[in-house]
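This is what each chain is made of:
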Amino acid sequence: MPSKPSTPTGVPERTSAETNHKDLISGETQRREAAVQLEQVTKARRKRYRERQREKKSKEEGSAATSIATGVGAETRALATEPPPPKPELKHAFPAISPVEVPVLPRYEFREFSRVNGGKEDTDQGLFATQKIEKGTRVISEQPILTLSAPGDQLDELMSAYQRLSKEEQTMIWNIQPASPNASAQLQDLRFIIDRLVLGLKTIILKPRTDRSESEQNKLDSMAPKVEHAMNTWRLAARWHANRSSLINLPMHERLNLPDGTPITGLFILRAHIRHSCVPNCFASFDDQRGCMNIHVTRDIKKGEELTLAAFADTNYYNNAAERAKELGAWGLTCSCEACDETNPRFVVHEGARERARARAVILNDILTRLDKSDLPDADLTNAQTLLCALMRDLKSTGCESVESVRWRNVLMDCVLPARALLVADNKHKTILWRVVLEHARECEKVARMCFGDDRVEFRALQQSREAAEATVQMFVDGVVDALEKVELKEEGED
Ligand SMILES: [Zn+2]
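What you see is a predicted model, and the numbers here were worked out from it, not measured in a lab.

Criteria and cut-off values
Residues numbered from 1 in each chain as written. Predicted model: local features only at pLDDT ≥ 70, side-chain atom pairs only at ≥ 80, totals over all residues. Helix = DSSP H or I, 4+ residues; strand = E, 2+ residues; numbered from the N terminus. Buried ≥ 20, exposed ≤ 12 C-beta atoms within 10 Å, placed from the backbone. Contact = placed C-beta atoms within 7 Å. Core = buried A, V, L, I, M, F, W, Y, C linked by C-beta atoms within 7 Å. Pairing = 2+ DSSP bridges. Axes fitted to C-alpha atoms, helices over the stretch in contact; angles between N-to-C directions. Parallel < 35°, antiparallel > 145°, perpendicular 65-115°, else oblique. Left-handed = near helix turned anticlockwise from the far one by under 90°. Nonpolar A, V, L, I, M, F, W, Y, C, P; charged D, E, K, R; others polar.

**Some remarks on the overall build of the protein chain**
No. 1: From N to C terminus, the protein chain includes 16 helices and 10 strands.
No. 2: Residue burial in the protein chain is summarised as follows: out of 495 residues, 39% are buried.
No. 3: A separation threshold of at least 6 residues defines the contact pool for the protein chain, and within that pool the share at least 24 residues apart is 77%.

This is how it looks when you write it as C-alpha cells:
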C-alpha cells in the first residue's frame, strides 16, 4: 500500500514553465501572488512538520506503554518525524506480499564464540560475513518463527504458540540467548514460583526411590510435570523477552483498533543471533507489508567480520560507556565494541562525540520547543542549524549514519530552514536556503535506501520529500524567482 506523499501537498501545481513565466512577469499583482505562493509552500512544510511532531509524541506515548525488548521497535520509531506508515493489513498469516521479492543470498554463517554469562564461561552463536558485503545490502529478510497478538510477555499464548512449532523450530528457539533472570519482574516471579515448587519436592527427590512413601511418590508424580512446565515457560519467556520485536509502529489508540489476532510482537531467529554493538554495522526494520524482518548492512563489511545491531537505538548514540553498560546489563548483555573497550584508541573519540551529541540535542530540543510555540529570530534559527550540522557530524563519528541522522535532518529541512526562508526578504537568499533543504533531502533518501531498501514505504516517503524539495527549488529557479527578478529589473528600468 503506497504511503501518502509526505511533502508534495502544498506545492502549487505548475502547468508549464513558460505559461507561469508569462503570467508572472505581467505585473505587480502577479508578483505579490507569487510571493504569497512561496510563503505558502514554506509555511505548509512547517505545518506538516508540526503535525508530524504531534504524531511522533502520540506514538512515543503508545510505545512507552508497550515494552519493546530490542532496538528494532526503537529504530523504526526513530523515523517518527516521517508520516506514519499505512495501517498494516496484518492478518493471522503473513504475508500479503511475497516475503522475498529481491533474492537475499546468504552472505554469512553461524560461528560459535565464548562469552561470560552471569560470571560463567558460556558459548554463543553469532553471524559472521563469509564474504565482503557492501553498504546497503539486504543481508537478511526473515519471517517470525512465532508471533503474539498482544504486547508484552503473554505466557499462556507464548507457550501455546511454541507448542504448535515443529521440533526443529523449537530447537532453534532453545539455541538463542535468554535474557538475564532479573531482566523483568515477570521473569523474577516465575523464578520464585519454580524455586518454591522445587523446594517443596527437594527432600523427596533426594531420597532413593525405595525410601519414598507412597504419598511422597504420588506427590512427586503429580508435581513433576507442573515443575517441568513452569521451567520450560520460564526458559521460553527469557528467550522471548530478550529477543522479541515490535511488528507495528502505531500509537496505542490505533493499536486498540487493530482486528483481533493481529500479530503485534514477533521472534526472529536470525535477528536474535545478531549481537549488540554500540557501533553497529547493520540496521533492522520490520516490513509490515511483507511480514519480514529486513536487515541491511550500513557500512562495508569485511569477510569474517561479525554482523552487529544496536539493541537500544534511542540512547545508544547519546549515552556514555558506563550508562550503556548499565542499560545492557539489565538485559544480561555485555559489549566490548570500540566505544565500550577503554583500551581501544577509538574509545575516547566515542565518549567525546556522544557527550557533545547529547549536549547539543538538549539545546536543540529547547530551541525546537520554543519554535513550536512561536516564531524565533534568525539568530536562534542559525544557531539551531549550526548545532544540527555539528550533531550530525558527531553521529557520523559514532558510527551512526542511519536513521538517527535522518531524524535530525528532517528537523533541519522541515522546520529550521523553512523558518529561516520565511524571515529572509530576498529571493536569492531564499533559493540558497531551499537548495540546502534539497541537499539534506537527498542525503535522507540515500540513508533510507541504505537502511530500508527502495521497496519500502519508509524509503518512498523520503524519496517524495526529496522530490518535493526539488520541485520547490525548481520553482524558485526557473519560474517564480526568475519572473520576480525580471519584474524588478523592469521596474528599475522604468525608474
Ligand atoms: Zn559497546
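**Some details on the nonpolar core**
No. 1: Counting 94 residues, the largest nonpolar core has Leu388 and Val416 as its most contacted members.
No. 2: Ignoring any residue separated from it by four or fewer positions in sequence, one finds leucine 388 in contact with Leu364, Trp408, Val411, Leu412 and Val416.

**Focus on the sheet that holds strand β4 (residues 146-148)**
Neighbouring strands of a sheet are bound in pairs by backbone hydrogen bonds; such pairs are parallel or else antiparallel.
No. 1: Spatial strand order, β4-β6-β5: 3 strands in an open sheet with antiparallel pairing. Among the strands making up the open sheet, the edge pair consists of β4 and β5 (244-246). Here the average twist between neighbouring strands, direction ignored, is 30°.
No. 2: The sheet contact formed by β5 and strand β6 (residues 265-267) spans 3 bridges and is antiparallel. Looking across to β6, one finds that arginine 244 is bridged to leucine 267.

**Focus on the environment of serine 336**
No. 1: Mapped onto the elements, serine 336 comes out in the loop between α11 (321-329) and α12 (347-373).
No. 2: Considered as a pair, serine 336 and cysteine 278 are 58 residues apart in the sequence and their alpha carbons are 8.9 Å apart.

**Here's the deal with the sheet that holds strand β8 (residues 282-287)**
No. 1: Spatially, 3 strands are ordered β3-β9-β8 in an open sheet, and the strand pairing comes out antiparallel. Two strands close off the open sheet at either side, each with one partner strand: β3 (138-142) and β8. The mean inter-strand angle of the sheet, taken between neighbouring strand axes irrespective of direction, is 15°.
No. 2: Alignment of β3 against strand β9 (residues 292-297), held across 4 bridges, turns out to be antiparallel. Bridged to arginine 138 within β9 is histidine 296.

**With respect to the environment of phenylalanine 459**
No. 1: Structurally, phenylalanine 459 can be placed in helix α16 (residues 457-494).
No. 2: Classification of phenylalanine 459 as buried rests on a count of 20 C-beta atoms within 10 Å.
No. 3: Spatially, the C-alpha atom of phenylalanine 459 lies 8.9 Å from that of cysteine 444, the residues being 15 residues apart in sequence.
No. 4: The contact partners of phenylalanine 459, leaving out residues within four places of it in the chain, are Ala448, Arg449, Phe452, Gly453 and Asp454.

**Re the packing of helix α14 (residues 403-423) against helix α15 (residues 427-452)**
No. 1: Two elements in contact, α14 and α15, have axes separated by 9 Å at closest approach and are oriented at 165°. Here α15 runs roughly antiparallel to α14, going by the angle between their axes. Two packed elements cross with a definite hand, and for α14 against α15 that hand is left-handed. Here Val403, Ser405, Val406, Arg409, Asn410, Leu412, Met413, Leu417, Arg420 and Ala421 of α14 lie close against α15, whose contacting residues are Lys430, Leu433, Trp434, Val436, Val437, His440, Ala441, Glu443, Cys444, Val447, Ala448 and Cys451.
No. 2: Of the residues assigned to the contact of α14 with α15, the class counts are 15 nonpolar, 3 polar and 4 charged.

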